[in-house]
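Now for the letters of each chain:
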Amino acid sequence: MHTLLLTAAAAAIGLALSFAPAAAQTLEKIKQRGVLVVGSKADYKPFGFRDPSGAIVGFEPDIARLVAEKLGVKLELEPVVSSNRMQFLQQGKIDLMIATMNDKPDRRQIVGIIEPLYYASGVNVLANKKANLKSWEQLKDQKVCGIQGAWYNKPVAEKYGADIVAFKGQTEAEVALLQGNCVGWVYDDTAFAERLADPKWAGFEMTLPTILEEPWGLAVPLPERDGPWGKFMAQQLEDWHRSGKLIELEKKWNIPASAYLKKMHEEYSKKKGS
Amino acid sequence: MLHETSGIKLTIFYDAFDRARFFNGFLTSVRLMAVCLVASVVIGVVGAWIQGSRLRVLRLITQGYIQFFRNTPPLVQLYFFYFALGSYLKLTTGNGIAVPIVSNFTWAAICLSFYAGAFNVEIFRAGIEAVPRETLEAAESLGYSRLKAYAYVILPLAFRISLPALNNNLVNLIKTTTIAYAIAVPEMLYVANQIWSDESNVPEMMNVLLITYVSLVGILVWVMGRWERGLRIPGYSPA
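Residues numbered from 1 in each chain as written. Chains lettered and ligands numbered in written order. Predicted model: local features only at pLDDT ≥ 70, side-chain atom pairs only at ≥ 80, totals over all residues.

1. Considerations on the overall build of chain A
Then comes step 1: Summing up its helical and strand segments, chain A has 11 helices and 14 strands in all.
Then comes step 2: Within the span of chain A, comprising 274 residues, buried residues form 38% of the whole.
Then comes step 3: In chain A, the share of contacts with a sequence separation of at least 24, taken over all contacts with a separation of at least 6, comes to 68%. (Helix = DSSP H or I, 4+ residues; strand = E, 2+ residues; numbered from the N terminus. Buried ≥ 20, exposed ≤ 12 C-beta atoms within 10 Å, placed from the backbone. Contact = placed C-beta atoms within 7 Å.)

Okay, here's the thing in structure tokens:
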């Protein structure tokens, strides 16, 4: 039943796309009217939210500002929500969408997700150094602290056989880990980076590779993904990764340093050298 | 499948992983309940006996215990034992990590037993005080020691009087075991919480929880009712 619906939906989208007007030159349009319209979240602190004056600010609006500055045009932020962001882009209400969207194959059918991606959060373990963790498989039948309701508790338990001891909030999990109730704590990797810098956590380390990483993609209208507008954005993303601009913005908004941005920065700064 | 035809998502019946963890949660809950029921009744019986002791120190200690456990919320006690006291009781294991000696399940069992036990002491005391003074004097005149008179004469009579109140307290104890989820004891509420955050089937799991608890409490009430009737002495306690 589900498959049938999906097929029907996919077919409908395919049909709609085949009738879509030929790639409009968004880049030209933006330059002509002197305004860049970006769809951004207004309810996702600190990535996109309203400040006391009502203006939309945050990590993602700052990225939008970078684009506008580069183009030498004015920026207009259009608040979007998850359920309408792709439609806004399809309908041409916005030129660019930067709205905490995970990169998923089915979404790539609808909007033009630009590579490289601009952000990601993944799952890692803050482990007691004495546990000497080298691989996720070592977690089998070990007590691992977690947070109640985290979506990855189940995959980690199912795939690696870890015995997840989940607590209500971060504080309880923290205390339980410090007291030795578990060998490690499985959580967002972005939450650990800040802790590792704290002397309180000197006996702990994050040695495992980050898993279940969910990258975030920004998007242009699908027909323009490989056109000038898409290429321009891809170039911007590469530049930001190379210069560490995104890491700078991350710091500005007090977002714990993400392993993904660090990795991308290393990758792209190497490319420049070669 | 039920889910596809009606939208009801009872994963515990068809997802092997969810089924296994819910079943384990059920077993953990039942184990915790059984341990606490027995331990709290034993604490109640012993405590009520000590309260009638001639030694003032013993009476004061029992009184202090009752005040501490009865007058603090069980959740606070649980946090206190697990996070505060637990951090001092550590043992270094093979790989060099100092682990707490007492597990979260044991802390929950200890804490809830003492919590319900404090009420049970008072419940039994009420029962003992309802036994006529003459009965004790008669037992003493027959040469019973204080302990023997308590065990063979007073307690059996007091128990009958205490049963309805005890029944209440034990039902409460069964329901209170759910707070063990705060220190990550994988009992039913904890497991249900995990399942509904993974499958987003909150209403379904809530119903499963309610039905399970109603059944478990129902079984306890039924057993206690049978016991109460079995112990009845015609003419002694009201019908």
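Still to come is the rest of the account.
2. A word on the overall build of chain B
Then comes step 1: Counting its secondary structure elements, chain B contains 10 helices and two strands.
Then comes step 2: Each helix and strand of chain B, ordered N terminal to C terminal, gives the series α-α-α-α-α-β-β-α-α-α-α-α.
Then comes step 3: Looking at chain B as a whole, 33% of its 239 residues qualify as buried.
Then comes step 4: Sequence separation of 24 or more characterises 73% of the internal contacts of chain B that already satisfy a separation of 6 or more.

3. What to know about the interface of chain B and chain A
Then comes step 1: Counting residues at the interface gives 18 residues for chain B, matched by 20 residues for chain A.
Then comes step 2: At the level of secondary structure, the elements contributing two or more residues to the side of chain B that touches chain A comprise strand S2 (98–100) and helix H9 (188–199) of chain B.
Then comes step 3: Looking at the side of chain B that touches chain A element by element, the count peaks at four residues for H9 of chain B.
Then comes step 4: Across the side of chain B that touches chain A, the residue classes tally to eight nonpolar, seven polar and three charged. (Nonpolar A, V, L, I, M, F, W, Y, C, P; charged D, E, K, R; others polar.)

4. Points about the sheet that holds strand S3 (residues 48–50) of chain A
Residue and element names in this part refer to chain A.
Then comes step 1: Pairing is antiparallel across the open sheet formed by three strands, whose spatial order is S2-S3-S4. Looking along the sheet, the strands with just one partner apiece sit at the ends: strand S2 (43–44) and strand S4 (56–57).
Then comes step 2: Bridging between S3 and S4 involves two bridges; their strand directions are antiparallel. Across the sheet, residue Arg50 finds its bridge partner in S4, namely Ile56. (Pairing = 2+ DSSP bridges.)

5. A short note on unusual backbone geometry
All names here are of chain A.
Then comes step 1: A cis amide bond, omega -5°, links Glu115 with the succeeding residue Pro116.
Then comes step 2: Residue position: Pro116 is located in the loop between strand S7 (111–113) and strand S8 (119–128).
Then comes step 3: Located in the positive-phi region is Thr100, a residue other than glycine, with phi close to 45°.
Then comes step 4: Here Thr100 is to be found in the loop between strand S6 (96–98) and helix H5 (105–108).
Then comes step 5: With 18 C-beta atoms packed within 10 Å, Thr100 lands in the partly exposed category.

6. Comments concerning the environment of Val202 of chain B
All names here are of chain B.
Then comes step 1: In this structure, Val202 sits in helix H10 (residues 202–230).
Then comes step 2: Assessed through the 14 C-beta atoms surrounding it within 10 Å, Val202 is described here as partly exposed.
Then comes step 3: For the pair Val202 and Ala192, spaced 10 residues apart in the sequence, the C-alpha separation amounts to 8.5 Å.

7. Thoughts on the nonpolar core
Then comes step 1: In terms of nonpolar packing, the biggest core is built from 83 residues, with Val125, Val144, Cys145 and Trp185 of chain A together with Leu78, Ala108 and Ile183 of chain B touching the most fellow members.
Then comes step 2: Sorting elements by how many residues they give to this core places helix H6 (residues 104–130) of chain B first, with 14 residues.
Then comes step 3: One finds Val80, Leu96, Leu246 and Leu249 of chain A within the second-largest nonpolar core, a separate group that totals 40 residues. (Core = buried A, V, L, I, M, F, W, Y, C linked by C-beta atoms within 7 Å.)

8. Remarks on the packing of helix H5 (residues 74–85) of chain B against H6 of chain B
All names here are of chain B.
Then comes step 1: Here H5 crosses H6 at 140°, and the two axes come no closer than 10 Å. Accordingly, the angle class assigned to the pair H5 and H6 is oblique. Remark: the crossing between H5 and H6 carries right-handed chirality. Of the residues in H6, those touching H5 at Pro74, Gln77, Leu78, Phe81 and Tyr82 are Asn104, Trp107, Ala108, Ile110, Cys111, Leu112 and Tyr115.
Then comes step 2: Tallied by class, residues from the contact of H5 with H6 come to 10 nonpolar, two polar and no charged. (Axes fitted to C-alpha atoms, helices over the stretch in contact; angles between N-to-C directions. Parallel < 35°, antiparallel > 145°, perpendicular 65-115°, else oblique. Left-handed = near helix turned anticlockwise from the far one by under 90°.)

9. Examining the pairing of S8 of chain A
On a regular strand, one side chain projects to one face of the sheet and the next to the other, so that they alternate.
Residues and elements named next belong to chain A.
Then comes step 1: Extensive coverage of S8 is indicated by the burial of nine of its 10 residues.
Then comes step 2: Strand direction decides the pairing type here: S8 and strand S13 (residues 211–216), joined by four bridges, are antiparallel. Its bridge partner lying in S13, Ala120 is registered against Pro215.
Then comes step 3: Relative to strand S11 (residues 184–188), S8 is paired through five bridges, and the arrangement is antiparallel. In the sheet register, Asn124 faces S11, and the bridge partner there is Tyr187.
Then comes step 4: Relative to strand S12 (residues 204–205), S8 is paired through two bridges, and the arrangement is antiparallel. Paired with Asn128 across the two strands is Phe204, which belongs to S12.

10. Observations regarding the pairing of strand S10 (residues 163–167) of chain A
Then comes step 1: Counting buried positions along S10 of chain A gives four out of five residues, so the element sits mostly inside the fold.
Then comes step 2: Taken together, strand S9 (residues 143–147) of chain A, helix H6 (residues 153–160) of chain A and S10 of chain A constitute a β-α-β crossover, and its handedness is right-handed. (Right-handed = clockwise from strand over helix to strand, strands pointing away.)

11. Here's the deal with the packing of H9 of chain B against H10 of chain B
Residue and element names in this part refer to chain B.
Then comes step 1: Across the interface, H9 lies against H10 with an axial gap of 9 Å and an inter-helix angle of 165°. Here H9 lies roughly antiparallel to H10, going by the angle between them. Crossing hand, H9 versus H10: right-handed. On H10, the residues touching Met188, Leu189, Ala192, Ile195 and Trp196 of H9 are Val202, Met205, Val208, Leu209 and Thr212.
Then comes step 2: Taken together, the residues of the contact of H9 with H10 break down into nine nonpolar, one polar and no charged.

12. Looking at the confidence of the model for chain A
Then comes step 1: Mean pLDDT over chain A: 84, with 89% of residues reaching 70 or higher.
Then comes step 2: Ignoring residues within four places in sequence, the model shows residues 15–23 of chain A, a span with pLDDT below 50, making four contacts including any to other chains. (pLDDT = per-residue confidence, 0-100.)

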